[in-house]
Structure formats: structure tokens, C-alpha cells
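One letter stands for each residue in the lines below.
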Amino acid sequence: MATEVVVPVLGLTVEKGTILKWLKKEGDRVEKGEPLFEVEADKVTTQVEAPATGILKKILVPEGVEVPILTVVAIITDEGEELPEKYRTSTEAFQAPSVSAGEERRVTEVARAEERKEVRAVPAARRLAKEKGVDLNLVKGTGPDGLILVKDVEQAAAEVETRPRASSVAKRLAEREGISLEAIKGTGPRGRVMKADVVAALKGREETPTAEEPFGKVIPMSTMRKVIAKRMSESAFTAPHIYFFTDVAMDKLLELRKTILEDFEKEFGLRPSVNDFIIKAVALTIRDFPFFNASLVGEEIHIHPEINIGLAVALPDGLIVPAIPKADKLGIGEIAKMRKDLVERARSGKLKIEEIERGTFTVSSLAQYDITFFTAILNPPQSGILTIGKTRTELALQDGVIHTYNVATFGLSVDHRIIDGAMAADFLQTLKRKLENPVLAFLHL
Amino acid sequence: MRELTYAKAINEALRQNMQADDRVILMGEDIGPYGGIFQVTAGLYQEFGPERVIDTPISEAAFVGAAVGAALTGLRPVVEVMFIDFTTVCMDMIVNQMAKIRYMFGGQAKVPVVLRTNIGAGRGAAAQHSQSFHAFFVHIPGLFVVLPSTPYDAKGLMNTAIKSENPVIFVEHKKLYNEKGEVPEEQYFLPFGKAEIKRPGGDVTVVATSAMVLRSLRAAEELSKEGIDVEVVDPRTLNPLDKETILESVRKTGRLVVADEGPFTCGVASDIAAIAASEAIEYLRAPVMKVCSPDTPVPFSPSLEKDYIPDERDVIEVVKKIMEY
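Every value quoted in this text rests on a predicted model; they were computed, and no experiment measured them.

Rules behind the numbers
Residues numbered from 1 in each chain as written. Chains lettered and ligands numbered in written order. Predicted model: local features only at pLDDT ≥ 70, side-chain atom pairs only at ≥ 80, totals over all residues. Heavy atoms only, no water. Helix = DSSP H or I, 4+ residues; strand = E, 2+ residues; numbered from the N terminus. Expected span 1.5 Å × (residues − 1). Buried < 20%, exposed > 50% of the residue type's maximum accessible area, 1.4 Å probe, protein only. Patch = residues over 30% accessible without salt bridge, like charges linked within 9 Å, V, L, I, M, F, W, Y side chains within 5 Å. Areas by Shrake-Rupley, 256 points an atom, 1.4 Å probe, with all protein chains shown as cover. Salt bridge = Lys/Arg side-chain N within 4 Å of Asp/Glu carboxyl O. Lys, Arg positive; Asp, Glu negative; His and termini not counted. Charge placed at Lys NZ, Arg CZ, Asp CG, Glu CD. Axes fitted to C-alpha atoms, helices over the stretch in contact; angles between N-to-C directions. Parallel < 35°, antiparallel > 145°, perpendicular 65-115°, else oblique. Left-handed = near helix turned anticlockwise from the far one by under 90°. Contact = heavy atoms within 4.5 Å. Nonpolar A, V, L, I, M, F, W, Y, C, P; charged D, E, K, R; others polar. Pairing = 2+ DSSP bridges.

Turning our attention to helix H10 (residues 332-347) of chain A. Three or four residues apart is the spacing at which side chains of an α-helix point the same way, because the helix has 3.6 residues per turn. An ideal rise of 1.5 Å per residue puts 22 Å on 16 residues; H10 of chain A measures up with 22 Å between its terminal C-alpha atoms. If you check which residues of H10 of chain A are buried, you get Ile332, Gly333, Ile335, Ala336, Arg339, Leu342, Val343, Arg345 and Ala346 of chain A.

Dropping the structure here:
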């Protein structure tokens, strides 16, 4: 029996996803549960598993095409089974999913997308596209009623040809390092960019920060950039922010970390970071301040049931905030493990949507930079975000004696619609106390 | 080279063939002392006498039938039907006799007859004297159908028609009779089934027949001022049809307009369009368009008739439309 493969619901606010890569070819055998394709939505890449065992009979949506969620993108049939009639004519016109009554709106959207996606091209343009290997789905038609003309395909083909060819390893490396392939001279066959070229270019980048002229050009926003821009302006222009700062003496925390480091590494196989302790302390503080785990929904304040602490991770061309769930209930070891895994996957673009969406409070640290303190814009719909500056050495006068100590300035941004100044001050002070007296703070672990 | 009108070029072809071959005779209404309604046979009666230039009674079925009989018994008659509209009166002679006899007699008899007639509106001759239904004859296997568009082609094709061992429907055009062009004095033969590119171009192919060739050439001249490079292909004979030259041009330009004065539906233009769709679809950059007469009788009212006739303005409009793709 034929099984429809759809783009799954990727999160509450996700409406569309882009097919990044098909991991199987038409005609391949697939096992139920085996990764079938990668879809990108908002900032995250998700692997979608095959919903059934059989033959991947037909791919209806090619790579690079954005479709509404629940769109049927492929058909899996039993071995020897013919592709059902209704999918045969629809390589380009996508199938509407069968949905429940409550989802008519989505169905209309899908239907509209189908109309949009049906490729209309003059025959000569189709022939040229075939010859040049141009995907007509990606070509914008300039003829009457948006018909794709020969010149449109010629232009698309010219663009493809000027785009540098690169080995897949080189592509991945360049993507991870955020370096443009266009700036790299290829030494492979026919100017193909090889891994060695990217490595060389990266070396060169360290010496001369930009190989190409960075000014006087227009850069289209990446999907991630667009999401960041949308969310940040939405937050800045709807939630009135207020900011608080306090100095936290870090010596005891650093001391504690140092004391347990060796045993910790033995037991958990990794080193705890200062951030792991801060995440834990924040989660524990939130237990006493439920409004810091809240969102404004219409005229109601919704206090979330779980304390999930997000950690801002910088990427070459943006940032992303995966969250550690129920951080108040986890040990430092578990937090560290989870943090390491999330940060790694954030950098390789392999996070799941729910790992980003579950955050209820965010921690953002620039401690590795020479930044004393900074403000942050709330990560909507959260009500608070904590910022951490560099830990620096200062002089202090205590009992008439001058001594040095380590200090970091913590900042707190809150949504004033939910939280007032006194409560925010109280929260930050409580957190400060916990971090300055960590043994007591983490006693109940 | 000297210039002749289209009518004079045909006249010269007839004369030279009659001089060279006694079997060539002419039959038709008022073709004798009067010289024919369009003066195509002028002077031939005087030169060859009433035995070889025969004025017939007003009965197309009778004299076309007589021409078929004469051809069967060894003559090479060239018969004139005054207007293509009148061929309907002798359609049985043409379709069931002229076109079929050689086939039905297993090749033992042949009908080397040339039936001259003309198409075209524009002389205020109304609905029964202005039609362009030459496509009828293309529809009948067994008939060659020839549509010369220039004096040069008219003479060369007439020479080939008279030499042909099979019946030829030789379709002239009323509005071309007075058009002048260079015509060699000697006899020369233009092969059937060989189109001519009347004007080379790279942007759009206009396949035009008969008077539409001239109109399309004028349109091409206008369009070249706007940077549109039109190729005009004249098939010259519709049966046999030189598909290869047409397809080669379409493959080159990717755009096809077919201009034929016959009515829009089920005509020569439709069929040439179909050939492009069948055999060159992958080369088409744009829809195939037709420039034809409307599907109505030819109006008598001069202003309506002017509007009815497909001309260079119609070709220009359609070419511009097709160039949007």
C-alpha cells in the first residue's frame, strides 16, 4: 500500500519547511524509521524518518523547495507496487494532505502553494533546462502570466555555471566555517574547490580577515538572519525592557569548580563550565520567582510548568538558543553533558525544533570576550534574560585590608509588562547570593 | 534582369510551353480573344488559334471533365477556372476523376492536366468570387497543389506543372497578378516540394503562402526597424510540402507564425502549426500563432472586406505578441 511522506509539524509556530536534502533516491529501499530527508525550518535542520518500509517510489518535492508543513513530499510503495495514478501527474503540483476538519485553513494554503509551484514553461525552456540540469522549480518565469521562457532558463543556467563547483567535503567545511566558496580558488579538476582549498582559505582568513571587498555590496538575508531579525524586532518593539546589573564575586564558584574538576571529569567524561553552574543557579532561583518562567498571552500571564534554561550559542552567521529542560531538577553533570551536546549540534545545524522552542528563560554569556557588561533583548515569549560579562580581577577593601578578587558583572533584562523593578532586583540579588555561596546553593543536589 | 508582372510571367510560361509542345492546349471561360478575366492568356488565342485556345461554355463540370478526358488521351491541357469559388461546380471531376483515375487504373492511365484558378479577397467581388479555400485540394490525395507568390515562382512552377504527369491545381492570387518581379526569359523549372526562404531571419519564422508572402515581407521590413528579425518561409507547393525547411527554420528561431489567407479553422495554417507541434515541440519558445481570414463569408462592404483580409498589420501584431515570449 502506498504511504504518503509529509513534512511533519516542526513546531507550534512553524508553517513551512525547505527540503534540504533527500537522503534516499527514487527507487531506493527504505526501512521504517530510517532517515529519509532533511528539512529546514526557521533556523533548524530536522531529519525526517521514513513512515513506512518499502520502496521510495516517487519524490514529489525536489531539494531546495519550501513547502507548507504536512505537504506530501514523497510516496513509499510496497515492492513491485505501481505508483498510484493520482501521484503520476503531479511531479510538480504537490499533493494536498488529507487533514481533519479543523485544518481547512492549512489546506487552502497548501492548495495555493500547489498552484504556485506548478511549473509552467515553454517547451524550448523545458528542453534547455533538461540539457543544462536546471531545476525549473527554482526558475522565475518572466513571460506572460509568469511563464518560464528560454531566456529565464539561460539566466538560471548562467548563474549555476558561475557558482563555484566544490567537493561535498569542501562544501560542508566551508558552510561550518562560514566562508564563502566564491572567494576560494579551486585547485581540483576544472577549478573544483577541494577541502585543501578551503583549509588554505581559512588559514588565509586568519591572516587577512576578509579576502574579498566587504563594502559596497548587497547581501540577501539568510533564513536564520530573517528569523533573528523578525524575532528581535518583535521583542524589542512589543515588550518594554528594563535592565539591572550587579557584580558577582566569582572566587568561590571558581574554587568549587576547581575542587571537583578532576573527579567530575572521571565520572562524567567532560569538564563542567562556569556556565553549567550559572544555569543551575538560575534554574533554582526561578523556582522562587515563577514570573521569570512566564509569558504574556493576550491579557494573561502564563507560568510555564517546566524550568527550561536556554543558552545562547553564537554561530558564524547568527545565533541560536537551545534549552536544557528542567534544569532545576538536573545535576551539574547532566547539565554539562546536555549543554555540550546541544552546543555541538547547534553549531552543526542539527538541533530539533523542540529543543529551541522549549526554552523559558535565557542565559547569554560573553565571558570569553573582554566585555564588562551588556544588555540583551528578550528571547520572545520569555520574560527574562541573563547576561554575563567577563570575569575580571579587581581590588576590594575588606576589613581595612586591600585584596584582589574575581568579579563578573551580571545583567538582567525583563519584560516590564510582567515583572517590576523590585522583583527583578530581588531575583538578581538572590542569584548573586547563590553564586557567591555555591556550596550552600547546590546543597540539595 | 527584365521585370514582368505575375500575370505576364504565367502568360510567358504558357506561350513557351505551347511553342515547344503541340500537346499543350488551353481551355476556359473567356480565355480566347478576350484573354481571360485577369489577362493571363492574353495574345495566346491570336498566336495559337481556336484549336489550342478553347473558349468554353459556362459549364465548369463539362470543360474540366473534357480536360481530364483530353489528358487521358494524350494532350496536356491547361484549364482555367475563373475563380476558385467555381471549382465547387466541378468538384466531382476534380476530386473523383482527375485525382483518382491514375490510382484506380493501376498506373495504366495518367492525367497530366493543370487546373489554373485563383484565390483572394480585395477586389470587391463579394462572397462567391473572393474565397481562398485552396486547403480543400490539399486534402485530396492525388493532386499537386501549387501556390506561387512571385512572378519568378509563377513561371518556374508553371513550367514544372505542365511537365508533370499528374494533375496539378495551380492556385494564383488575384491581388498578385499586377505585382512585378524579375523573370528570366528562358524556360526554367522549380521543383515541387521545395520551399524557399524569402527572407532569412533569426527571431521568428513566418511561414506564408501566396499573397501572404508579400504581406509578411512588408511586415518583416517594418519589424526589422524595431529590431525583430523575421524569417519568411514560402512553401511554394502545399502538396508536396517541404516540411524540412519549415522545421529547420522553426528549430532555429523557436517561434512560428503561419500566415495563410484561407479561413482560420481547418486550413493550411492549422496543419503547418500541427507539424511544428508534432516534430519541433521541444524547440518552441512560444505558442504557435496563425494569421488567417476570419471564419466568415468574405464581406462585400469595402470597409468590412478590408478588415477581413489578413495583411501586414495582422502579421506585425502577431509577431510582436509572439516576441513577448
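Residues and elements named next belong to chain A. Residues Lys21, Lys171, Arg172, Arg176, Arg192, Lys195 and Lys350 make up a contiguous surface patch of positive charge. Structurally, Lys195 can be placed in helix H6 (residues 195-207). Owing to a relative accessible area of 46%, Lys195 belongs among the partly exposed residues under this scheme.

Moving on: the packing of helix H8 (residues 211-224) of chain B against helix H12 (residues 312-322) of chain B. Residue and element names in this part refer to chain B. The N-to-C vectors of H8 and H12 enclose an angle of 55 degrees; their axes lie 8 Å apart at closest approach. In this view, H8 runs oblique relative to H12, as classed from their interaxial angle. Viewed along their axes, H8 and H12 form a crossing whose handedness is right-handed. Contacts between H8 and H12 involve Met212, Arg215, Ser216, Arg218, Ala219, Glu222 and Leu223 from the former and Glu312, Val315, Ile316, Val319 and Lys320 from the latter. The residue makeup of the contact of H8 with H12, split by class, is six nonpolar, one polar and five charged.

Turning next to the sheet that holds strand E5 (residues 44-49) of chain A. Residues and elements named next belong to chain A. Spatially, the four strands line up as an open sheet ordered E5-E4-E2-E7, and their pairing is antiparallel. Both outer strands of the open sheet, E5 and strand E7 (66-68), are each paired with one neighbouring strand and no more. Going across the sheet, the axis of each strand differs from the next one's by a mean of 40 degrees, ignoring polarity. Pairing geometry for strand E2 (residues 16-22) and strand E4 (residues 35-41), over four bridges, is antiparallel. The residue of E4 that forms the bridge with Trp22 is Phe37.

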